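Structural features, examined
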Amino acid sequence: MATFILDDATGVGSDDLDSAGAFVDLAIIANDDGIGLDDPVGGMQRVTYNRTINGPPQVRLDTLVNTAFTPDYGNGPQNVDIIVIAGLSGFTLDDGTSFANNGTALAPASSGLAGSSLNSTENCLVIYDTQQTICVARDGTDGDIDLPISNPVVLYHEFSHAFRIVNNTLLALTAECDPSSPEENAAIVDENDLRTDIANRQGVTPELRDPGIHCGKVDEDCSSCCIIATVVSKSLASPQVQFLRSVRDHFVRSTEVGHAFFKQFFRDYYWFSPQVCTIMARNPSIPGLLLEGYINPLLDFWKVMIERSQQSMSNADLGAAFVRLHPDRAQAESRRDALHRTVSYWLNHGANDSEVPAELIMLLRERAWPSAHMQWALVAPVRIYYGLLTLYLDGTNEDAIGREFNRALQIWAPEIPISDVWASLSAEQVATELEFCESALLQSAGNKKRFHERLRHRFHDITSVGVVLNGLNGALGGVR
Amino acid sequence: MRNDDIKPDDLIASIKSMEPAEKQIELVVRLSNKATRALHYIADVRATRYDPNTKTLMLSLSDEGRQVIPGAISKLPVFRYIDPGSEAEIRLGVPDRVIKLSRTAPPGELAFETHQLSDVQEVIVEVAWADVPFYKETRPCIKDDARLPAARWEQHKARATKRQKKSPRPKN
């Protein structure tokens, strides 16, 4: 006996357990036709493995699956099986710890090892969330926590702990995450074996985790499918994606309010983005339509906004910055045509474009466009850009383009979705955040006034917001 | 004369609202700082405990009582601070059910208990706080202290209770 996947159990239904997902993760670890499952007995499926590959992950898996472990924790040798419990949303341990976005390996109840008092059985329980969106520390970056961890890698990490639990060789485990404890360091070293193995299969350079840092965070951006990356180059390393990441990390997420904005933005974005990627995979013409009809205009809009946030720009400056984006008139005309289709058929909820599958239009209507964050950050900017490009191609001069740009920003900028996080900030933080919003985004007196009104209306009973806004009113007559 | 001593009830918590949402329950917790100095607190749920006998749900914004176990990642709490004499709000979300390993199953059997939180009659939220920010432990080893880092940091807990008049129903 050795390793099982839990398929059903008293107190939960088979629908609650992601046993199919667990087997897929096992198959990815093995990458070997020799992996298999017996029929369920008593709610559990025994894993079988007739190994034909000699890589470290395969050898480790072979050991876990084909060894009868009989560790002696001090009460004589005892049989210990490994039971994989996957999914199970809402699962918590007796100490209240939730396993959303994490995994663990619990030692047998009588073993006396770390976590054993939280286990009600004499088996080693490997528990992990198959809907996780975790980021971990990337090796070689001095602690940047931006490396995704896939489900097979989470499972393999927990198998590393399980291996030492069933051999009674668990290393020292402490609560500190930086530096990681010896036990977590060893699990991350093992985890990197699988990362390397998978990268080698795909012919790409492995992206490894820093074994010295066990800290992690939950971040939807670390996983799943990004529409923009899929369209531009199928890579998160493309210049376009790098630009957006740079905007996110150095411009938006550098503040509490910006961070909260992006948290909700990504939550909304990944409500539809993976399905869009699936539809694109079946419709290879869509990425071409999206590139010039949506993504490049969106990126160009945000490039101008970044430039505007860094310096004071007159109407003429703003118009010139827009015109500089279009050195090739023929390409600009082609982009306007592509934008016309996008704005008419995709963003306006109007008549269907025969080039675009109805299921995609439906998905965007139901999941993307109702989001205030999507409307503000991804839809309105493209509409503004389209209007400006049309003016430019009609022969409008830079000054007039800039004036129109500023007029559009006057309507758009102060309507940025306001996060609840404002209510939890101190007055000093509110003042700092407001100052950043005003200098980076709002800039004009009218924009500031409108944004102050919205903040005051939303947080009329929050002390810190009131203190700061009243202070601005008192000192500057209502508009700073 | 300087008078910045804190008292255990300097941070007051109350549950402003509790609403069912899609597959989760959302709460808004209001905090009030009665002290003359800023107070620092944990702003995310660190432990969810449910007592099916009393139908009491405890949401703990504290690492006290949590064990050190192996895991894919370690995640520190979200920390915030509140100015003296100020009010603030935090929004919390928890799954609408709690699943635990069963302690009453026959020996050798792996079984679970599932509790739907729509049945909750009382909700308790406890918020760990201190009069200084959280700081990382830099001493090489604290062998006799098995607590999680944030549990070592906290000085007090603000506690809020709300009794449900009727079972919450999902919004249409």
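Rules used throughout
- Residues numbered from 1 in each chain as written.
- Chains lettered and ligands numbered in written order.
- Predicted model: local features only at pLDDT ≥ 70, side-chain atom pairs only at ≥ 80, totals over all residues.
- Pairing = 2+ DSSP bridges.
- Helix = DSSP H or I, 4+ residues; strand = E, 2+ residues; numbered from the N terminus.
- Axes fitted to C-alpha atoms, helices over the stretch in contact; angles between N-to-C directions.
- Parallel < 35°, antiparallel > 145°, perpendicular 65-115°, else oblique.
- Left-handed = near helix turned anticlockwise from the far one by under 90°.
- Contact = placed C-beta atoms within 7 Å.
- Nonpolar A, V, L, I, M, F, W, Y, C, P; charged D, E, K, R; others polar.

1. Regarding the pairing of strand β4 (residues 47–51) of chain B
Residue and element names in this part refer to chain B.
- Relative to strand β5 (residues 56–61), β4 is paired through five bridges, and the arrangement is antiparallel. Counted as the bridge partner of Y50 is L57 from β5.
- Here β4 folds back onto β5 in antiparallel fashion, the turn holding four residues, of which K55 has a positive phi close to 55°.

2. Structural notes on the sheet that holds strand β7 (residues 87–95) of chain B
Residue and element names in this part refer to chain B.
- An order of β1-β2-β7 is seen for the three strands of this open sheet, with the pairing classed as antiparallel. Of all the strands in the sheet, just β1 (11–21) and β7 have a single pairing partner and so form its edges. Direction aside, neighbouring strands of the sheet carry axes that sit 20° apart on average.
- Note: strand β2 (residues 24–33) against β7, nine bridges, orientation antiparallel. Across the sheet, the residue bridging to R30 is E89, located in β7.

3. What to know about the sheet that holds strand β6 (residues 124–128) of chain A
Residue and element names in this part refer to chain A.
- Taken together, six strands build an open sheet; the order of strands is β2-β3-β1-β4-β6-β5 and the sheet is mixed. The outermost strands of the open sheet, each flanked by one partner alone, are β2 (35–37) and β5 (103–106). Taken over all neighbouring pairs, the strand axes of this sheet differ in orientation by 25° on average, direction set aside.
- In terms of strand pairing, β2 meets strand β3 (residues 44–49) through three bridges, oriented antiparallel. The residue bridging L37 from the neighbouring strand is V47, located in β3.

4. What about the packing of helix α2 (residues 56–66) of chain A against helix α3 (residues 151–166) of chain A?
Residues and elements named next belong to chain A.
- Packing of α2 against α3 brings their axes to within 11 Å, and their N-to-C directions diverge by 50°. Considering the angle they form, α2 stands oblique to α3. At the point where α2 passes α3, the crossing takes the left-handed sense. Of α3, the residues touching α2 (which contributes P57, R60 and L64) are Y156, F159, A162 and F163.
- Each residue belonging to the contact of α2 with α3 can be placed in one class, and the counts come to six nonpolar, no polar and one charged.

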